[in-house]
Every structure is written in structure tokens, then in C-alpha cells.
Amino acid sequence: MTLIQPLESQSIQYPARTVKRAELAMRCLPFLLPLFVAMRSKSVPLQAIAGQEAVKQHYTKRPMSELAVESGLMWLIQVGVLRREVDGQGITDSFRLTPLGRQLIKTWEAQGGTLPPPSFMDRLYNALSRWLRLPI
């Protein structure tokens, strides 16, 4: 008889470089922890993250255009933190966390419930990585 662990207790082991790049991307973008917490349990549509409604929901500090939001979310998809939702007709405009994103959010919730602020060097490195698509 074999024992199967519940999925919650199993965690995927990611290379340290992958985790560092994903963590930097999340910390350097203008999204707040409540957005990622919401994405952990449900898909969040692009329109809910753009504009004044996002500020009211504590998803962003300031209103952002849909183009700026989508650009940031696409970077988070590339670093492995988010995925786009798919329905029966194809890709939607909604987003959810990946297992890597869930692990990072769980860590930050346990450390005080906020994303650690990035340093100037963190922002610079993330911008270069994003622009040049450099691996960490």
C-alpha cells in the first residue's frame, strides 16, 4: 500500500535562478500582493487590473492602462509566475498564478503580507532582463 501526499504538501523544486528571476519580476512591477492573492484562488480579468478599479481593489498603487498592465502580465507569464486562462473557445483575457507564483506568494504572506520593495539594482537588473530577455 502506497501513501499519496495531498497536492498542497507537495511543492515543485525550481532552480534558484528561476525563483530569483520570478521574484524580481514580481517585486519590480507595480502590482500589489492582493492581486496575486486573488489570482491564487480565481482568474482575474485584465479589465479588473487596469484603471481606477484596480486601485480600489488594491491590485495596483496607481491607475494603469490596459496596455501597461498586459505588458507586465506578459512578463510574469514569461518568467513562469502567471498563466493565461483558457476556456472552451481558446485563450481568455484572465490570468492565474502558476505553482511557482503560489510558492512565492505563500512565502511573502508568511513574512508580513507585502511584497518586499526592490532596490535600485533589482529594478535595473529586472529591466535589463526584461528588455534583453537575459536569463539570471
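Our subject is the structure listed above.
Residues numbered from 1 in each chain as written. Predicted model: local features only at pLDDT ≥ 70, side-chain atom pairs only at ≥ 80, totals over all residues. Heavy atoms only, no water.

## Considerations on the pattern of salt bridges
Consideration 1: In the structure shown here, the tally under the stated rule is four salt bridges.
Consideration 2: Glu109 is the salt-bridge partner of Arg40, the closest N and O atoms lying 2.7 Å from each other. One end of the pair, Arg40, is in helix α2 (residues 33-41); the other, Glu109, is in helix α6 (residues 99-110), and 69 residues separate them in sequence.
Consideration 3: Given the relative accessible area of 26%, Arg40 is considered partly exposed.
Consideration 4: You can call Glu109 partly exposed: its relative accessible area is 32%.
Consideration 5: As a salt-bridge pair, Arg84 and Glu70 come within 3.2 Å of each other at their nearest N and O atoms. Residue Arg84 is found in strand β2 (residues 82-87), and its partner Glu70 is found in helix α5 (residues 66-78); the two are separated by 14 residues along the sequence.
Consideration 6: Residue class for Arg84 comes out partly exposed when judged on its relative accessible area of 23%. (Salt bridge = Lys/Arg side-chain N within 4 Å of Asp/Glu carboxyl O. Helix = DSSP H or I, 4+ residues; strand = E, 2+ residues; numbered from the N terminus. Buried < 20%, exposed > 50% of the residue type's maximum accessible area, 1.4 Å probe, protein only.)

## So, the layout of surface pockets
Consideration 1: Volume-wise, the second largest pocket comes out at about 240 Å³.
Consideration 2: Taken together, 16 residues make up the lining of the second largest pocket; nearest its centre are Arg27, Phe31, Leu32, Lys61 and Leu115.
Consideration 3: Going through the elements one at a time, α1 (16-28) and α2 are the ones with two or more residues in the lining of the second largest pocket.
Consideration 4: Residue classes in the lining of the second largest pocket are distributed as 11 nonpolar, two polar and three charged. (1 Å grid on protein atoms, 1.4 Å probe; cavity = no way out; pocket = protein on both sides within 12 Å on 5 of 7 lines; lining within 4 Å. Points joined across faces, edges and corners; volume = space filled by probe spheres on them. Nonpolar A, V, L, I, M, F, W, Y, C, P; charged D, E, K, R; others polar.)

## Concerning unusual backbone geometry
Consideration 1: Phi angles above zero are rare outside glycine, and His58 is one such case at about 65°.
Consideration 2: Examined against the element boundaries, His58 turns out to sit in the loop between α4 (52-56) and α5.

## Quick word on the nonpolar core
Consideration 1: Phe31, Phe36, Met39, Leu73 and Leu76 are the most contacted members of the largest nonpolar core, which totals 31 residues.
Consideration 2: Broken down by secondary-structure element, the contributors of at least two residues to this core are α1, α2, α3 (46-49), α5, β3 (90-97) and α6.
Consideration 3: A per-element tally of this core places α2 first, with five residues.
Consideration 4: If we ignore the near neighbours within four places in the chain, the residues touching Leu73 are Phe31, Met39, Leu46, Ile49, Leu82 and Phe95. (Core = buried A, V, L, I, M, F, W, Y, C linked by side-chain atoms within 4.5 Å. Contact = heavy atoms within 4.5 Å.)

## Some thoughts on a nonpolar patch on the surface
Consideration 1: A contiguous nonpolar surface patch, about 710 Å² in accessible area, is contributed by Phe120, Met121, Leu124, Leu128, Trp131 and Leu132.
Consideration 2: Within the fold, Leu128 resides in helix α7 (residues 120-132).
Consideration 3: With a relative accessible area of 36%, Leu128 lands in the partly exposed category. (Patch = residues over 30% accessible without salt bridge, like charges linked within 9 Å, V, L, I, M, F, W, Y side chains within 5 Å. Areas by Shrake-Rupley, 256 points an atom, 1.4 Å probe, with all protein chains shown as cover.)

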